[in-house]
Amino acid sequence: MADKIDGVKLALLSNRLEGISRKMGNTLMRTGRSGVLNIARDFSCCILTADDQLAAVAESLPIHVLSGPDMMAATMKEYHPDLKRGDAFLHNSPYHGCSHPADHTILVPVMDDDGIHRYTMAAKAHQADIGNSIPTTYHGTARDVYEEGALIFPAVQVQENYEHNMDIVRMCQMRIRVPDQWWGDYLAMIGAARIGERELLALGREVGWDTLEAFNEQWFDYSEERMVGAIRQLPAGSATRTSTHDAIPGTPEEGIMITSTVTVDPDGGEVTVDLMDNPDAQPCGLNLSEACARTAAMVGVFNSIDHSVPKNAGSFRRIKVLLREDSVCGIPKHPTSCSAATTNIADRVANPTQAAIAEIADGFGLAECGAIIPPAVGVVSGMNEETGRPFVNQVFLGLTGGAGAPEADCWQSICHVGNGGLCYQDSIELDELRQPIFVKTRAFAPDTEGAGQFCGARSAYTEFGPRVGNLEIAYVSDGGINGPKGVRGGLGGSVSGQYKITRNNEHEDLPNCAVVTLVEGELISSQSCGGGGYGVPTQRDPAMVARDVVEEYVSADRARSVYGVVLDGVGNVDASATSKLRAEMNA
């Protein structure tokens with residue numbers, strides 16, 4: 001074993017590994033064929049040690065990588081104990097560590113020149129289509145995995161000696177609605193993992209495998225120390241918060257209420273998130289995989305503390321997540337459907353977790369982020385009459401959802417709490433080029449922010465429809481009843497909503513979970529959730545309120561009634577009248 005690594009070299013090696021992860025992600029971004037990859041950037045890449053610990057991750061979706069890759073890598077070794085250079089495995093099983101079936105993941109073991117397994121590369125990419133029984137990768141109403149319909153691959157070998165197993169490829173091409181698009185995305189994942197393998201082999205030869213093993217151990221220890229330090233900035237305490245997912249077919253009429261109890265132990269340097277007291281698994285596609293249940297809780301914790309703490313197996317040692325089997329947010333049993341595991345209920349775990357920490361300690365935690373998946377983030381599909389070819393893709397046309405923070409306004413376009421702002425909003429022009437759709441409107445909806453000393457996001461309002469022919473839009477839109485909550489006196493953000501605009505410009509209400517067919521000339525209206533506010537609105541800097549009024553994000557009436565800010569005829573703050581009004585409102 002190599003000697004102790006000094007701090008400079010520790011930082012350098014950490015950045016070298018993160019750089020490899022970035023190269024993998026750059027490969028996926030540049031070579032992915034579907035818009036969900038090369039426009040929206042819904043993918044993640046990471047590096048695991050030979051004993052399945054997360055070592056490095058860069059610019060990846062938190063819900064994809066904090067927990068799950070470790071379980072997937074362990075499954076690969078369990079099912080394929082005789083690993084060789086040139087092997088690759090396809091994994092998407094939510095019962096064996098994957099987030100949900102739409103997140104196809106390529107696992108590549110990195111074998112040194114002596115045939116010793118040193119690391120595992122993971123390239124995970126959300127697919128535009130996976131062969132579900134309906135054209136969406138979020139089958140919210142699927143009663144079980146059989147109705148869901150996707151092929152499930154628990155670490156199935158797809159390459160040996162760098163050659164594809166074409167039997168597996170043909171199975172996918174026969175099941176998936178857009179086989180050429182899937183094949184391109186599959187090759188992009190393979191390419192990303194292989195570039196990571198190549199770069200890591202070069203690094204091992206350069207610095208020595210013993211040095212890298214020593215780095216792993218010492219980097220994890222350092223990260224654990226940083227995590228302990230961050231936790232010790234919090235006061236001791238415990239809080240319980242709930243967050244309720246709106247009802248859809250297959251859930252109770254009152255929806256699904258998720259309870260998260262957070263206990264902070266600064267002396268022990270540990271945070272515990274207890275998710276044991278939650279409903280059983282539901283006969284629908286909202287159930288969480290174990291990976292998403294653990295990760296969602298961890299997201300809530302990491303969102304609440306010093307952001308510079310490294311996210312790896314070392315810092316994870318100080319977060320204890322309590323789960324039970326056969327729970328809607330626990331450890332699922334086959335054939336429970338986990339089709340929408342990365343988003344809806346996962347957000348209802350992360351949100352009360354970070355809100356509970358805000359309740360325990362002022363200056364920490366976050367308000368609740370907005371729920372998704374509204375129609376403007378749905379899966380669009382149909383037959384393109386202009387090309388005669390089918391199309392399927394998830395679009396990211398309009399969503400916001402960011403939560404107010406202790407010292408700053410929200411990240412408007414965070415997408416949702418588990419996404420962490422890593423996905424991009426689509427270019428309207430590129431979406432209109434790639435699919436036969438027409439986007440009429442995309443804008444912020446005024447007076448929809450979660451008011452607070454620091455505000456949550458405004459809602460995004462979008463109208464779109466088919467340019468020619470028919471268009472199917474599949475979505476599972478949460479937050480129409482139970483919007484995002486504020487914390488420490490902050491107000492909740494606006495709720496979501498959707499309706500159809502007919503050719504006669506009539507508005508027809510739509511359910512919150514559906515596959516809607518539009519004909520040429522019709523549009524769908526989509527409003528995303530806002531985000532919750534942090535702190536009392538009357539403590540907000542009046543100049544910031546005046547700025548929002550000038551930008552037409554907030555009306556002058558709302559500035560007065562909610563924030564206690566009085567503006568003169570040209571939009572400047574009337575300081576005297578504002579002080580008087582706020583004193584009355586706070587009395």
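Residues numbered from 1 in each chain as written. Predicted model: local features only at pLDDT ≥ 70, side-chain atom pairs only at ≥ 80, totals over all residues. Heavy atoms only, no water.

## A short note on the nonpolar core
Here's step 1: Formed by 132 residues in total, the largest nonpolar core has its most connected members in L28, I106, L200, L288 and F302.
Here's step 2: Ranked by residue count, the leading element in this core is helix α7 (residues 179-207), at 10 residues.
Here's step 3: Other than its neighbours up to four places away in sequence, L200 contacts L17, I20, I47, V110, Y119, M121 and W209.
Here's step 4: The next biggest cluster of nonpolar side chains, apart from the first, holds 17 residues, and it includes V395, L397, V439 and V516. (Core = buried A, V, L, I, M, F, W, Y, C linked by side-chain atoms within 4.5 Å. Buried < 20%, exposed > 50% of the residue type's maximum accessible area, 1.4 Å probe, protein only. Helix = DSSP H or I, 4+ residues; strand = E, 2+ residues; numbered from the N terminus. Contact = heavy atoms within 4.5 Å.)

## Description of the environment of M76
Here's step 1: Positionally, M76 belongs in helix α4 (residues 69-79).
Here's step 2: Residue M76 is classed as buried on the basis of its relative accessible area of 0%.
Here's step 3: Ignoring any residue separated from it by four or fewer positions in sequence, one finds M76 in contact with L83, F89, L107, P109, H117, T120 and A155.

## What to know about the side chain of R241
Here's step 1: With respect to the helices, strands and loops of the structure, R241 is situated in strand β8 (residues 237-245).
Here's step 2: Judged by its relative accessible area of 16%, R241 is buried.

## Re unusual backbone geometry
Here's step 1: The residue after H334, namely P335, is reached through a cis peptide bond having omega 10°.
Here's step 2: Its place among the elements puts P335 in the loop between β11 (319-322) and α11 (344-360).
Here's step 3: Going from I372 to I373, the amide bond is cis rather than trans, its omega being 20°.
Here's step 4: Tracing the backbone shows I373 in the loop between α11 and β12 (379-384).
Here's step 5: We note that D326 has phi near 60°; this positive angle belongs to a residue other than glycine.

## Overview of the packing of aromatic side chains
Here's step 1: In the structure shown here, the tally under the stated rule is 8 aromatic pairs.
Here's step 2: Aromatic pair W183 and Y186: ring centres 5.4 Å apart, planes at 20°, arrangement stacked. Taken together, the residues W183 and Y186, both in helix α7 and 3 residues apart, mark about one turn of the helix.
Here's step 3: Relative accessible area serves as the criterion here: at 21%, W183 is assigned to the partly exposed category.
Here's step 4: Geometrically, the ring pair formed by F302 and F316 is edge-to-face, given 6.0 Å between the ring centres and 65° between the ring planes. With F302 in helix α9 (residues 290-302) and F316 in helix α10 (residues 313-316), the pair connects residues that are 14 residues apart, well separated along the chain. Like F316, F302 is buried.
Here's step 5: The ring of F444 has R458 lying over it, and the distance from NZ or CZ to the ring centre is 4.4 Å.
Here's step 6: The aromatic ring of Y553 is capped on one face by R458, whose charged end is 3.5 Å from the ring centroid. (Phe/Tyr/Trp six-rings, centres within 6.5 Å; stacked < 30°, edge-to-face > 60°. Lys NZ or Arg CZ within 6 Å of the ring centre and 35° of its normal.)

## Details of the state of the cysteines
Here's step 1: The tally for this structure, following the rule as stated, stands at 0 disulfides.
Here's step 2: Considering cysteine sulfurs only, C98 is the nearest to C172, which forms no disulfide, with 13 Å between them.
Here's step 3: Considering cysteine sulfurs only, C415 is the nearest to C423, which forms no disulfide, with 5.5 Å between them. (Disulfide = S-S within 2.5 Å.)

## Some details on the pairing of strand β17 (residues 497-501)
Here's step 1: Relative to strand β20 (residues 523-527), β17 is paired through 5 bridges, and the arrangement is antiparallel. Each residue of the ladder has a partner; that of Q498, found in β20, is S526.
Here's step 2: With 3 bridges connecting them, β17 and strand β18 (residues 507-509) associate as antiparallel partners. Bridge pairing in β18 places K500 opposite E508.
Here's step 3: Hairpin remark: β17 followed by β18, antiparallel, with 5 residues in the connecting loop; positive phi at N505, about 65°. (Pairing = 2+ DSSP bridges.)

## Quick look at the sheet that holds strand β14 (residues 437-444)
Here's step 1: Overall, antiparallel pairing links the 5 strands, which are arranged β14-β15-β20-β17-β18 in an open sheet. Unpaired on one side and paired on the other, β14 and β18 mark the two borders of the sheet. Averaged over all neighbouring strand pairs, the angle between strand axes comes to 20°, with direction disregarded.
Here's step 2: The pairing of strand β15 (residues 460-466) with β20 spans 4 bridges and is antiparallel. Each bridged residue has a counterpart across the sheet, and for T462 the counterpart in β20 is S526. (Axes fitted to C-alpha atoms, helices over the stretch in contact; angles between N-to-C directions.)

## Topic: the sheet that holds β8
Here's step 1: With respect to topology, 4 strands assemble into an open sheet ordered β8-β9-β10-β11, the strand pairing being mixed. Only two strands of the sheet have a single neighbouring strand rather than two, namely β8 and β11. Averaged over all pairs of adjacent strands, the angle between strand axes in this sheet comes to 15°, irrespective of strand direction.
Here's step 2: Judged from the 4 bridges that link them, strand β10 (residues 270-274) and β11 form a sheet pairing that is parallel. Bridged to T272 within β11 is K320.
Here's step 3: Against the sheet, α9 makes contact with β10 and β11, and its axis sits at roughly 135° relative to β11, the strand it touches most.
Here's step 4: Along the sheet, α11 contacts β8, β9 (256-265) and β10; its crossing angle with β8, the most-contacted strand, is approximately 150°.

## Observations regarding helix α13 (residues 542-550)
Here's step 1: Where α13 is concerned, the buried positions are V545, A546, D548 and V549. An end-on view of α13 places all buried positions within 160° of arc, on one side of the element.
Here's step 2: Residues of α13 that are buried sit in contact with α14 (556-563). (Arc of directions from axis to C-beta.)

## Thoughts on the packing of α7 against helix α8 (residues 209-231)
Think of two packed helices as two axes; the pair is described by the angle between the axes and how far apart they sit.
Here's step 1: Two numbers describe how α7 lies on α8: the axes approach to 6 Å, and their chain directions differ by 105°. With respect to α8, the axis of α7 lies roughly perpendicular. The segment α7 lies against α8, with L200, L201, L203, G204 and V207 engaging W209, T211 and L212.
Here's step 2: Tallied by class, residues from the contact of α7 with α8 come to 6 nonpolar, 2 polar and no charged. (Parallel < 35°, antiparallel > 145°, perpendicular 65-115°, else oblique. Nonpolar A, V, L, I, M, F, W, Y, C, P; charged D, E, K, R; others polar.)

## Considering the pattern of salt bridges
Here's step 1: Scanning the entire structure with this criterion turns up 34 salt bridges.
Here's step 2: The shortest N-O distance in the salt bridge between R317 and E224 comes to 2.8 Å. Of the two residues, R317 sits in the loop between α10 and β11 while E224 sits in helix α8, which places them 93 residues apart along the sequence.
Here's step 3: What makes R317 partly exposed here is its relative accessible area of 36%.
Here's step 4: The exposure class of E224 is buried, given its relative accessible area of 17%.
Here's step 5: The salt bridge involving R547 is made with D409; its shortest N-O contact spans 3.9 Å. Placement of R547 in helix α13 and of D409 in the loop between β13 (389-394) and α12 (428-434) is noted, with a sequence separation of 138 residues between them.
Here's step 6: Take R547: its relative accessible area is 42%, and that puts it in the partly exposed class.
Here's step 7: Residues joined in a network through salt bridges with shared partners are E18, R22, R41 and E59. (Salt bridge = Lys/Arg side-chain N within 4 Å of Asp/Glu carboxyl O.)

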